[in-house]
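# Notes for the structure review
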Amino acid sequence: MDGKPRAKATPEQAHARMDRLMALGIVAQHDIAGRLGLNITDLTCLGFVLEAQGAGTAATAGELAQRANLTTGAITGVITRLERAGYARRQSDPADRRRVRVVADETAAARLFEVYGPNYQRFAALFADYSPDEIAVLSDWFTRATEIMSTSLDEVRGGSAEGA
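Now for a look at the structure at hand. (Residues numbered from 1 in each chain as written. Predicted model: local features only at pLDDT ≥ 70, side-chain atom pairs only at ≥ 80, totals over all residues. Heavy atoms only, no water.)

### Some remarks on the overall build of the chain
For clarity, the threshold we go by: The way it works is that DSSP assigns letters per residue, a run of H or I at least four long becomes a helix, a run of E at least two long becomes a strand, and they are numbered from the N terminus. Only protein chains enter the accessibility calculation, which uses a 1.4 Å probe; a residue whose area is less than 20% of its type maximum is buried, one above 50% is exposed, and one in between is partly exposed. In what follows, residue pairs with any heavy atoms lying within 4.5 Å of each other are defined as contacts.
A tally of regular secondary structure across the chain gives 6 helices and 3 strands. Ordered by position from N to C terminus, the α and β elements of the chain give α-α-β-α-α-β-β-α-α. Overall, the chain is about 55 × 40 × 30 Å in size when its C-alpha atoms are taken along their principal axes. Scored against the burial criterion, the 164 residues of the chain give a buried share of 23%. If you take every contact in the chain between residues at least 6 apart in sequence, the share linking residues at least 24 apart comes to 51%.

As structure tokens, this is what we get:
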């Protein structure tokens, strides 16, 4: 792999650094949510709404509830708070009027980027320090680590741990 020389690290050291990053990320998300006038669950669900829109669709209330591991009653409260804060709105599903889709306000992404933007820029600079081959390894690692976290989350929630 062509890239800058890197300090050697054991898997244990890498794991400890990952744990530190994840813990800091959790603290940061709470602080960011507060700065945006949301709680962490609302911010997480808003992220799911924006992700769905980025993929060219709109999330249903049921999908949000499932992804956030919330009841339908709890997701109703999340959507209401997102509406009141001006981040999202309910929209009837044209294929099934009983289904509610949640779409982000046109200013939502920009409002989030005001807070996340500087961090994204710092990460972009960090990624620029890596070769394309190293970026491919990082991307693979993030993808596979996400799958592991998903399996772990299923286990914690009492679901199936197949594929582990």
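There is more to say, and it comes next.
### Topic: the packing of helix α2 (residues 40-54) against helix α4 (residues 72-84)
The criterion, for reference: Simply put, an axis is a line fit to the C-alpha atoms, just over the touching stretch for a helix, and the angle between two N-to-C directions goes from 0 to 180 degrees. Orientation categories follow fixed angle ranges, with anything under 35 degrees roughly parallel, anything over 145 roughly antiparallel, 65 to 115 roughly perpendicular, and all other angles oblique. Note on residue classes: Ala, Val, Leu, Ile, Met, Phe, Trp, Tyr, Cys and Pro are nonpolar, Asp, Glu, Lys and Arg are charged, and everything else, Gly too, is polar.
Interaxial distance between α2 and α4 falls to 10 Å at its minimum, and their mutual angle equals 80°. Classed by the angle they form, the pair α2 and α4 counts as roughly perpendicular. For the pair α2 and α4, contact is made by T41, D42, C45 and L46 and by I75, V78, R81 and L82, respectively. Of the residues assigned to the contact of α2 with α4, the class counts are 5 nonpolar, 1 polar and 2 charged.

### Let's talk about the packing of α2 against helix α5 (residues 108-128)
Heads up, the condition is: By definition, turning the near helix anticlockwise from the far helix through less than a right angle yields a left-handed crossing, and turning it clockwise yields a right-handed one.
Axis separation between α2 and α5 bottoms out at 12 Å; the angle between their running directions is 120°. Considering the angle they form, α2 stands oblique to α5. α5 is crossed by α2, and the crossing has left-handed handedness. Here L43, L46 and L50 of α2 come into contact with α5, specifically with A109, L112 and Y116. Residue classes in the contact of α2 with α5 are distributed as 6 nonpolar, no polar and no charged.

### Looking at α2
So the rule is basically this: What a helix is expected to span follows from its residue count: subtract one and scale by 1.5 Å.
For α2, spanning 15 residues, the distance from its first C-alpha to its last is 21 Å, which sits close to the expected 21 Å at 1.5 Å a residue. Among the residues of α2, D42, L43, C45, L46, F48, V49 and A52 are the ones counted as buried. Among the residues trailing α2, G56 stands out with phi positive, at a value near 85°.

### With respect to the pattern of salt bridges
This is how it is decided: We define a salt bridge as a contact between a side-chain nitrogen of Lys or Arg and a carboxyl oxygen of Asp or Glu at a distance within 4 Å.
Overall, the coordinates contain 10 salt bridges when judged by the stated rule. Of the charged contacts, one joins R6 and E134 as a salt bridge, the two residues approaching to 3.2 Å between their closest N and O atoms. Note that R6 is positioned in the segment before α1 (11-35) and E134 in helix α6 (residues 132-156), a separation of 128 residues in sequence. Via salt bridges that share partners, K4, R6, D129 and E134 belong to a single interconnected network.

### Here's the deal with the sheet that holds strand β2 (residues 88-93)
Within a sheet, adjacent strands bond to each other through the backbone by hydrogen bonds, running parallel or antiparallel. For clarity, the cut-off: Strand pairing is defined by DSSP finding a minimum of two bridges between the two strands.
Read from one edge of the open sheet, 3 strands run β1-β3-β2, paired in antiparallel fashion. Each end of this open sheet is capped by a strand with a single partner; those strands are β1 (59-60) and β2. Together, β1 and β3 (96-104) form the strand contacts of α2, whose direction differs from that of β3 by roughly 100°.

### Concerning the side chain of R101
Heads up, the rule is: In protein, a polar contact means a hydrogen-donor-capable atom and an acceptor-capable atom, both N or O and within 3.5 Å, with residues adjacent in sequence counting only if both atoms are side-chain atoms; elsewhere, any N or O pair within 3.5 Å suffices.
Structurally, the position occupied by R101 is in strand β3. Polar contacts involving the side chain of R101 include one to the main-chain carbonyl oxygen of A58, which spans 2.6 Å. Here D93 takes part through its side chain, which lies 3.1 Å from a polar atom of the side chain of R101. Contacts of R101, omitting those with residues within four sequence positions, involve T57, A58, A59, T60, R89, R90, Q91 and D93.

### Describing the nonpolar core
Nonpolar side chains tend toward joint burial in soluble globular proteins. Quick reminder of the rule: Residues grouped as a nonpolar core are buried Ala, Val, Leu, Ile, Met, Phe, Trp, Tyr and Cys residues, joined through side-chain atoms within 4.5 Å.
L36, L43, I75 and Y87 are the most contacted members of the largest nonpolar core, which has 27 residues in total. Top element by residues in this core is α2. It accounts for 6 residues. Non-local contacts of Y87, meaning those with residues more than four positions away in its chain, are made with L36, L38, L46, L82, V103, A104, D105, A108, R111 and L112.

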